[in-house]
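Structural overview
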Amino acid sequence: MVMTFVFAFFVGGIICAIGQLLMDVGKLTPGHTLSTLVVIGAILDGMGLYEPLIDFAGAGATVPITSFGNSLTHGALAEAERHGLVGVLTGMFEVTSSGISAAIVFGFIGALLFKPKGNVD
Amino acid sequence: MEKEQYQQLEQNVTPKPPYFKNVAKAFIVGGLICTIGQAVSLFYIIFFNFTEATAGNPTVATMVFFAMILTGFGLYKKIGQFAGAGSAVPVTGFGNAVISAAIEHRSEGLVLGVGGNIFKLAGSVVLFGVVSAFFVALIKYILVTIGVVSW
Amino acid sequence: MVIVFQSKPSLIAAGVVAGPLEKRSIFSQHFDATYDDERWQMKTNEQGHRKMVEEACEFAMKKAGVKNKDIDYFMGGDLVNQMTPTNFAARDLEIPFIGLFSACATSISSVIIASLLTEVGAANFSLAGASSQHNAVERQFRYPIDYGSQKPQTAQWTVTAAGYALIGKHQEEYPSIEAATVGKSVDYGMDDPFHMGAAMAPAAFQTIQSHLEQRNQKIYHYDLILTGDLGQLGLKLLKGMFVENGIKSEELKPLRDAGAEFYGQDEAFQSGASGAGCSAAVFFSYVIQQMRAGTYKRVLLVATGALLSPLTFQQGETIPCTAHAIEITMR
């Protein structure tokens, strides 16, 4: 049990460290960096490598943005296996909706509740 | 002074980012956020009868909720300045990108302001996630159909 | 070509108003007012920005004992698209209005135009200056205010401040504008919007060099050569350019930067302050007051500006910059 937490910390940390290197050394903007990581997540799932990572590291693999690419691909692949080519389009958002829905809903609520504040520390 | 000469001077004077420190901070904060996510997952499994497979959904939603609170009170940007990718890469960073844009554009109204700008920062993640998933699945489908790999 | 003002228009008064964070500025005691609410009790940042411009102008007019109807021209600009805060302030001030965009160099470009109008006898009194509001500028040029991006050490903080000067015919007891140099748009291939100092330093160098050459002056003729917002790194680069041109670094003592000094040594602000309001706030409070107190007799104010937009960055363009200078003396 404790080990799951350790692995979650470690794997999550590594993925973020890779992101930081993309930003600092690769001089990518946050948008470019996150898009790159999402694509990597999608490719890893295509190769069947992301699900084992989730089994190993739990939230360390599901919380980083790479898991977004993974779950979109996973959904697409599952549906394609069941229903053929059209499944590639229909399956994508089956597994992923909570992240995006939550972001939109809380974004809306946030916009109603909060105002931007230009503080520095 | 010539352009090349100036660019050389600029390279000499401009400090490089503290690579090691930044990566270490990103690693620690990113790891911590994922550990919190793990705890949230466990909470849903124990108290709400989710399984390991299905706990991912409420976990992500909860993490985004935390991001809303931290963003709204102006705390997420302080974490972001410290942690860089450590706070941008987890799904809380995605939440922060959406929520900060929504909060910012409230002054232009809910429809044109919030609605029109909410995906200003996060849109590229959604776009590239969907497009790459499409191509990966398509390629795999083709490979399966011609018999090179199996599902 | 350098502009020499035979009639020596005077900087009769000035108003500088700043926001809550600017209370932390080392120059804050020279400002006329600093407010606790960055939106000036208005609903949006842009409306607060407008209010700030109006208040700065009110201070300047009050100190000179003139009213809106006595002012011939209101000249200025800001960094918001189409300069709407300044346009809307002009609506409320009801003074003939010329909007000017030189990015963060607007504080001086507006004074140059005002001085020219005074010189040819077309103006008795003009208001000239610039302003910026942090939230309004950041959301336009960079990211939403609450977004957790990580700013590098080369970044600068856009100040929330407005500075407006009242220019009029020559009067002995006020600082006089003797000469001015209009800068070119200079591009040395810098492309990082988080490192504006590097983009603007060559423009400042060219303008200062041109002014000194045309006026037959050297750096030591000045008590102070103050650039607007190069920041700590930009100032280092500017000094480096002078050194590579044969000037010894001891001779560069009069060379300072308002943005680099604005927030003191506070690291939270990375390389220093920037924004159209930065140069305006420091030039039209600290410098003018020091001149009237006799500390500085001859000053060169060089406002620097980066002429980019968020779109040009996305389209992969580099950042052309400009710098405008005025030479002010005090008897």
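Just so you know, these numbers come straight off a predicted model, no measurement behind them. (Residues numbered from 1 in each chain as written. Chains lettered and ligands numbered in written order. Predicted model: local features only at pLDDT ≥ 70, side-chain atom pairs only at ≥ 80, totals over all residues.)

**Quick notes on the overall build of chain B**
Summing up its helical and strand segments, chain B has 8 helices and 0 strands in all. Counting from the amino terminus, chain B carries its helices and strands in the arrangement α-α-α-α-α-α-α-α. Expected size for 151 residues packed as a compact globule is a radius of gyration near 15 Å; at 21 Å, chain B overshoots this value by more than 25%. Projected onto its principal axes, the C-alpha positions of chain B cover 65 × 50 × 40 Å. Across the 151 residues of chain B, 51% fall into the buried class. Within chain B, contacts between residues separated by at least 24 positions form 52% of all contacts whose residues are at least 6 apart in sequence. (Helix = DSSP H or I, 4+ residues; strand = E, 2+ residues; numbered from the N terminus. Rg over C-alpha atoms; globule rule 2.2 N^0.38 Å. Buried ≥ 20, exposed ≤ 12 C-beta atoms within 10 Å, placed from the backbone. Contact = placed C-beta atoms within 7 Å.)

**Details of the overall build of chain A**
Within chain A, the secondary structure is distributed over 7 helices and 0 strands. Taken along the three principal axes of its C-alpha coordinates, chain A extends 50 × 35 × 35 Å. Across the 121 residues that make up chain A, the buried fraction comes to 58%. The long-range share in chain A, meaning contacts at least 24 apart out of those at least 6 apart in sequence, stands at 59%.

**Here's the deal with the interface of chain A and chain B**
The interface of chain A with chain B comprises 64 residues on the first partner and 63 residues on the second. Among the residues forming the side of chain A that touches chain B, the class breakdown is 41 nonpolar, 19 polar and 4 charged. (Nonpolar A, V, L, I, M, F, W, Y, C, P; charged D, E, K, R; others polar.)

**Here we look at the interface of chain A and chain C**
Each side of the interface is counted separately: chain A has 6 residues, and chain C has 11 residues. Considered class by class, the residues forming the side of chain A that touches chain C number 3 nonpolar, 1 polar and 2 charged.

**A short note on the packing of helix H2 (residues 30-46) of chain A against helix H5 (residues 66-83) of chain A**
Residue and element names in this part refer to chain A. It is the contact of H2 with H5, at a shortest axis distance of 6 Å, that shows an interaxial angle of 45 degrees. In terms of their interaxial angle, H2 and H5 are classed as oblique. Where H2 crosses over H5, the handedness of that crossing is right-handed. Contacts between H2 and H5 involve Leu37, Val38, Val39, Ile40, Gly41, Ala42, Leu44, Asp45 and Gly46 on the former and, on the latter, Thr66, Ser67, Phe68, Gly69, Asn70, Leu72, Thr73 and His74. Split by residue class, the contact of H2 with H5 holds 8 nonpolar, 8 polar and 1 charged. (Axes fitted to C-alpha atoms, helices over the stretch in contact; angles between N-to-C directions. Parallel < 35°, antiparallel > 145°, perpendicular 65-115°, else oblique. Left-handed = near helix turned anticlockwise from the far one by under 90°.)

**A short note on the confidence of the model for chain B**
Detailed reading of the predicted coordinates is not advisable wherever pLDDT is low. Chain-level pLDDT for chain B is 93 on average; 100% of the residues reach the 70-or-more range. Scored as a whole, the predicted complex attains pTM 0.93, and scored at its interfaces, ipTM 0.93. (pLDDT = per-residue confidence, 0-100.)

**Describing helix H4 (residues 134-141) of chain C**
For H4(C), the tally of buried residues reaches 6 of 8 residues, placing the bulk of the element in the interior. Residues C:His134, C:Asn135, C:Ala136, C:Val137, C:Glu138 and C:Arg139 constitute the buried set of H4(C). Contact partners of the buried residues in H4(C): helix H6 (91-104) of chain B together with helix H1 (45-64), strand S6 (125-132) and strand S7 (157-158) of chain C.

**Some details on the pairing of S6(C)**
Residue and element names in this part refer to chain C. In terms of burial, S6 is largely enclosed, as 8 of its 8 residues are buried. Both faces of S6 are covered, namely the face carrying Phe125, Leu127, Gly129 and Ser131 and the face carrying Ser126, Ala128, Ala130 and Ser132. Where strand S4 (residues 73-77) lies against S6, 5 bridges are found, and the strand directions are parallel. Counted as the bridge partner of Phe74 is Leu127 from S6. (Pairing = 2+ DSSP bridges.)

**Let's talk about the nonpolar core**
One finds C:Ala60, C:Ala281 and C:Leu301 to be the most contacted residues of the largest nonpolar core, which totals 114 residues. Per element, the largest residue contribution to this core is 11 residues, and it comes from helix H8 (residues 276-292) of chain C. Two domains each provide a minimum of three residues to this core, namely domain 1 (3-168) and domain 2 (179-329) of chain C. Discounting residues that sit within four places of it in the chain, C:Leu301 has contacts with C:Ile108, C:Leu226, C:Phe283, C:Val287, C:Ala325, C:Ile326 and C:Ile328. Counting residues in each nonpolar core, the second largest holds 81 residues, with A:Ile15, A:Leu22, A:Leu77 and B:Ile118 among its members. (Core = buried A, V, L, I, M, F, W, Y, C linked by C-beta atoms within 7 Å. Domains from an automatic or database assignment.)

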